[in-house]
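# Inside the fold
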Amino acid sequence: MQQRIVDHRAGPLLVHGGPGTGKTTALVEAVAARVEAGTAPHRILVLGFGRRGASRLRHRITSRLNRTGAEVSVHSFPALAFAVLRLAALRRDAPPPRLLKGPEQDLMIRELLASDEVPWPDSVKPALSTRAFIEQLRDLMHRATERGLSARQLSDLGVRFDRPEWVAAAKFLSRYVDVLAMSSLTGGTAYDSAEIIRAASHELAEDPQLIRRPEFVFVDELQDTDPAQLELLRLVAGDGGNLIGFGDADSATYGFRGGDATIMREFASLFPTAAGVPAPEVTLPVCHRSAHAPHRATAAVATRLRGGTRHRGHRTPDEVGEGVARIAVLPSGTHQATFIAQSLRRAHLIDGVPWSQMAVLVKSPSEHLPQIERGLRHAGVPVRIAADDTALSAKPIVARLLTIIQCGLDPELIDEPTAVSLLHSPYGGADALTERRLRQELRRRAMRDDSFRNSGELLVEALRRPELLGEFEEDWARPAQRIAGLMERARQATGTVESILWQVWSDSGLSEQLSRRAVSTDRRAAAADDDLDAMMALFDWAAEFTDRLPGAGCDVFCAHVLEQVLPADSLAQQALRGEAVRLTTAHQAKGREWELVVVAGVQEGRWPNLRPRGSLMGAEQLVDAAAGHSPDQLNMISSLLEEERRLFHAACGRARDRLLITAIGDDDSQPSRFLDEMGVDSEVITTLPAPLSLPALVARLRDHVCRADDPKRPAALAALHRLAAEGVPGADPGDWWGLRALSDDRALHLPGERVRVSPSTIERLDQCGLRWILERHGGTETASLPQQVGNLVHAAAEAAAGADDPGETMRTFVDRRLGLLPFEAPWKAAQDTRRISAMVEKFSTWLAGNDRTLLAAEAQFTVTLPEVAPGVSAELSGIVDRLEQDRAGRLHVIDIKTAKTPVSLDETRQHPQLAAYQLAVEAGAFTEWSDSTETGGASLVYPGTSANSAAVRVQPALPESADPDWAKNKVTEVAQRMTGSTFLAVHTKKCDTCAVKQCCPISGRGRSVTD
Ligand code: SF4
C-alpha cells in the first residue's frame, strides 16, 4: 500500500492510517520519490502540525534525502501563512507582518477590557478581570475567525441562540480588530494566530499569482486542521492539484483549538480531481509500530470511538513480539510516582531499554508532571522535560524570581506563605530549622518590645523592612537577608524588563552555582540543567516582550508570566543532554514513539474530563452554531468524551513494545472508565517492590548485616565490602552513624561550672531527658496560639496585680491586645476570644475570693543549691506568677495555668514545679518581699477549664508531707542528671506532641537519624 502512495503522481489523494501504520514514513518516501524523479525540492511543499511537527518532518526528510542543496519546504500552517503575508507586504513595499503571540494577545485583550465599554451581560461581569475569562474570550474569537465569522455574524448567532455574551463579544471583536489595525500603523500588520491564516487566504484569493504553486503538497495530521487552514490549503493546492493528505480520524485531539476531524470524511469531495470526481483514498492496513499486546489494548479503545473509520481493522505483522500491556492502580500519587520510577529503572537495568526509549505521558502538565518528575529524579531516573512542555510559571526557579521582583516593586504583596516559600526557595536557601530560629528570634525581639504579634507577621515585616534584619549576624538570618536584598535590588534596578531581570538574577549568584552543578556528577545535575534552560527561556521571552511592548513595566511582565498555565512557544535553545526519559503531555507526544510508554494519572473526572471547556463564553457551542447545528449540552458532553477517548487512544498508540497505564484508586479518585475498555486486567498494587537503586540495595544489605542470626549475613557482608571498595555511599561501616564513636562524651557541665535549674525544667527533664536536651538546644517550636494566649493571660494577671479593680484592668489589657493574636479563622477567633474573656472573668473571681495577701507578681528568684557533682555547683532560679502571704505569715506561690485540663490531686502532691517553688521559699529566695522563709504550700490556678470557676490545685506545705525532704532530693537529682553525658528518652503520653520526635530513636520516626 505504501508503494501506491509513493507511486501516486497526479491529483489529490487521502491516506488513512492508525497509529504506527507508517503514514509519516510513506510521506517521507513519497517526497523522496518525487525528488529522485526530478522534481525540484523547492516545488514540493510539506505541511506538518505545528512548529514541532513541521520541524520533525523537516529533519526526517532532510535525513532521507541526505542532501545539502535546495531543500524541500516544510512548514506549519501559520508559518506558510506568514510567508504568504510577508510576500504580499514585500510586493506592496510595506513593513513585514508581525505575529502576535498568545501572551501578547492576552495582554491586549486585558487592556482593552479595562478601558472598553462593551455592555457585557451580568452573568460574565464578575469574571471580566480574570485570567480564565480572557482565555475564553480569546478562544471564542479564534473559533469565530477560523470559521470565517465576522463580528456581525457572531452577533447574529448570539441573538439566534440566545447567547448575550456572544453579542457582547462581537462588539468587543470589532474594537479588537480596530486596535489591532491601529497597532499596525506603527509597524508591520499585526495578526493573531487565527487571523493570520484567514488573512493569507484573503491575499491568495485576491492574487492567485502571489506565490508560485507547488507541484506537490503533502499534509500530515490532516485530522487536526481547522476550516481556515483547509481554505488556505484549497487555495495553495486545490482544483485537482497534487495534494496528498495523511490522517487518522481516531487521533483527532485538537478540537479544543478548532480542529475539525470531519475533513477525513469530506476530503474526497472538498478536494476533487481535475476531472471533478472525488479524490481517491487509501488505507494503511498494518501497524508496524506496536507489539501485539499494546496494539490489542490500543485497538480495543479505538473500537469504542464513534464512526466507521476504515482503518480500524489494521493488524500487526506476525513477526513482532507479544510485548506488554499493563494497568496498575496505586493507592496514592506518591505510590504512583515511585512505581513508575521503579518500572523504568527495572526496564533499563534488567532489560537494557535505553532511557531515551522511554516516555511518561500525562494529560495535563499541571496535575501530575511535578509529582512524577520529583519521583523520577528522586529515584535517579534521568528525566527530560522540554522547556516548552511546561509553562514557565510552573518552574520554581522562574516563579520565585518573578515573585521576588513583584514583591520588591510592591512590598504589600508579601504575605506569610509568600515569605516562607521565598525563604525556602533556591534564592533564600533556608531549611526548616533556619526558618524556626528566625521566627523565634523575631518573636523574642517583639516580646522585648511588649508586642504579641505572631511570627508570621514579624517575618513579613522583616522582608518589607530589611533594616530590621540588619542587627542579626547569625547564619539563620542569612536566607531572609538574601531575599530582602534581592527585593531591594529589584526596587532599585532600572532599565528594560530584561535588564531588571538580569540584575536580580546575577545578584542571586545562582547562575554560577547552577552552571557548576550542571556539569558535575551531582545527581542534581539534570535538574540544574533544566533550571538553566527555564531561565534562558525566561530571558528570551523578556527580550521579545521588551521589543514588542517597550512601554510595559516589569510588574506587567512578571504578572503575565506567572499567570501562564500553558507553555508558550519559545525559541530559546535548550542544553543538549545525554540519555533521558521523556516526560511530556499526550498532546505533545503526537507523532512520536518510544519502546516503553507510561500513560500516567488516568483518573475518572480528569481523563475523561467532561466539564465543558469555555463554558462561560461557549466557544465550543459556537462551533456547532456556526455549522448550523443547535448547541446541545448532551451532544457537547458526548463530543468531549469522544475527544478525551481519542487523546487516550493516541497516547497509548505511542508505545512500541511496552505499555503501562497507571491510575490512583483511593477514596477521592477512581481509575478512568477508559481502563475498562482496554481488555487488560487492572492490577491493584498496594506494596511496592524494593527499589532498584544503589541506596536501596545498600540499605537492604545493611539490614541483613545488622541481624546477627540472618543466614544472608555473610553474603551481604561480602557485597557491602565490594560496594564500599567502589566508593558507594553508605556501604562502608565507617559511614554508619550508629557505629561511630561519640564525637564528645564529656559531661554537659564540668568541674568549676554551675548548673542552672528552673522549676519548669525539673518537670520536663523528669519526663524525658532527651526531649529536654534537644529543646534546650533549639528544638522548640515557634509559639503556638495556645502559648500566645497563655502569655497574654499571664501578662494581664501581672498588670492586674495591685490594681484597684483587677477584673477591669485585666479586661482592658486583654481587649487592647486581642487583635494581635494569630487566630486561624474569623469563626475560630470568636470562639477563642470568648474563651479568653471567660478566663479573665474566672481568674478575677478567684482573685476576689483569695484571702491571702499579694506580695509580688512575676517575682524573680535565684538560690544556690549544694554541690550536685564533684566541683559542679547548682542554682535554682525562675519567676513565680504570684507570691502571696497567708494569715499565718507563711509564703504561698501561685502558678497560673491556661490549659483546659488540670492535673489530678495525686499529681499535684508530687508536682515538681510547685515543689521547687516551695524549696526556693525555704532557701530564702524571696527575702526582698518578706522575711519569712516558711512555706505555706503552692497552688496551680486553672482559669481555662470548662468549669464555671477556676480550678485550683493546692500542694500542701513541704513540712507537712510524709517525707519533707522529697523536694530537695528531687531537685538535686534533676540537677545531677543535667550535668550528665547521657540523656534518656522516656516514652510518655506526651510523645505525641513532642517537637523533637524526628530525632528520637524510640519514637520510630527518628531511628534513621540515630541508627
Ligand atoms: S518522642 Fe517521647 S521519648 Fe522521644 S524525645 Fe520526645 S518525649 Fe522523649
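Refer to the preceding data block for the structure.
Here the structure is a predicted model, which means the values were calculated and not measured. (Residues numbered from 1 in each chain as written. Predicted model: local features only at pLDDT ≥ 70, side-chain atom pairs only at ≥ 80, totals over all residues. Heavy atoms only, no water.)

## Remarks on unusual backbone geometry
At the junction of tryptophan 607 and proline 608, the peptide bond is cis and its omega measures out at 15° in the coordinates. Take proline 608: it is sitting in the loop between β13 (594-599) and α24 (619-626). Located in the positive-phi region is glutamate 221, a residue other than glycine, with phi close to 50°. As for its position among the elements, glutamate 221 is in the loop between β6 (216-219) and α10 (227-237). Residue glutamate 221 is classed as buried on the basis of its relative accessible area, which comes to 14%. In the Ramachandran plot, glutamate 858 falls in the positive-phi region, its phi being about 55° despite a non-glycine side chain. Following the sequence through the fold, glutamate 858 ends up in strand β17 (residues 853-869). Looking at glutamate 858, the relative accessible area reads 27%, which means it is partly exposed. (Helix = DSSP H or I, 4+ residues; strand = E, 2+ residues; numbered from the N terminus. Buried < 20%, exposed > 50% of the residue type's maximum accessible area, 1.4 Å probe, protein only.)

## Quick word on helix α2 (residues 23-36)
When the terminal C-alpha atoms of α2 are compared, their 20 Å separation across 14 residues agrees well with the 20 Å that a helix rising 1.5 Å per residue should span. With 10 of its 14 residues buried, α2 lies for the most part within the structure. Taken residue by residue, α2 has Lys23, Ala26, Leu27, Val28, Ala30, Val31, Ala32, Ala33, Arg34 and Val35 as its buried positions. Glycine 38 sits one or two positions beyond α2 and adopts a positive phi of about 110°. (Expected span 1.5 Å × (residues − 1).)

## Observations regarding the sheet that holds strand β7 (residues 242-247)
With respect to topology, six strands assemble into an open sheet ordered β3-β2-β6-β7-β1-β8, the strand pairing being parallel. Of all strands in the sheet, those bounded by a partner on one side alone are β3 (73-76) and β8 (281-284). Each neighbouring strand pair of the sheet contributes to a mean axis angle of 20°, computed without reference to strand direction. Contacting β2 (44-48), β6 and β7, α10 runs over the sheet at an angle of about 160° to β6. (Pairing = 2+ DSSP bridges. Axes fitted to C-alpha atoms, helices over the stretch in contact; angles between N-to-C directions. Contact = heavy atoms within 4.5 Å.)

## Observations concerning the packing of aromatic side chains
Counted under the stated rule, the structure contains 14 aromatic pairs. Measuring from centroid to centroid gives 5.6 Å for tryptophan 502 and phenylalanine 539, while their planes differ by 70°, and the two rings are edge-to-face. With tryptophan 502 in helix α20 (residues 497-508) and phenylalanine 539 in helix α22 (residues 525-548), this residue pair connects regions lying 37 residues apart in the sequence. Note on phenylalanine 539: relative accessible area 14%, which makes it buried. Between phenylalanine 926 and tryptophan 929, the aromatic rings sit 6.2 Å apart at their centres with planes inclined by 45°, giving tilted as the arrangement. Residue class for tryptophan 929 comes out partly exposed when judged on its relative accessible area of 27%. Here the aromatic cluster, defined as three or more aromatic residues joined through ring pairs, consists of Phe861, Tyr917, Phe926 and Trp929. Of note, arginine 34 hangs over the ring of phenylalanine 216, and the distance from its end group to the ring centre comes to 4.9 Å. When the ring centre of phenylalanine 813 is taken as reference, the NZ or CZ atom of arginine 817 above it lies at 3.8 Å. (Phe/Tyr/Trp six-rings, centres within 6.5 Å; stacked < 30°, edge-to-face > 60°. Lys NZ or Arg CZ within 6 Å of the ring centre and 35° of its normal.)

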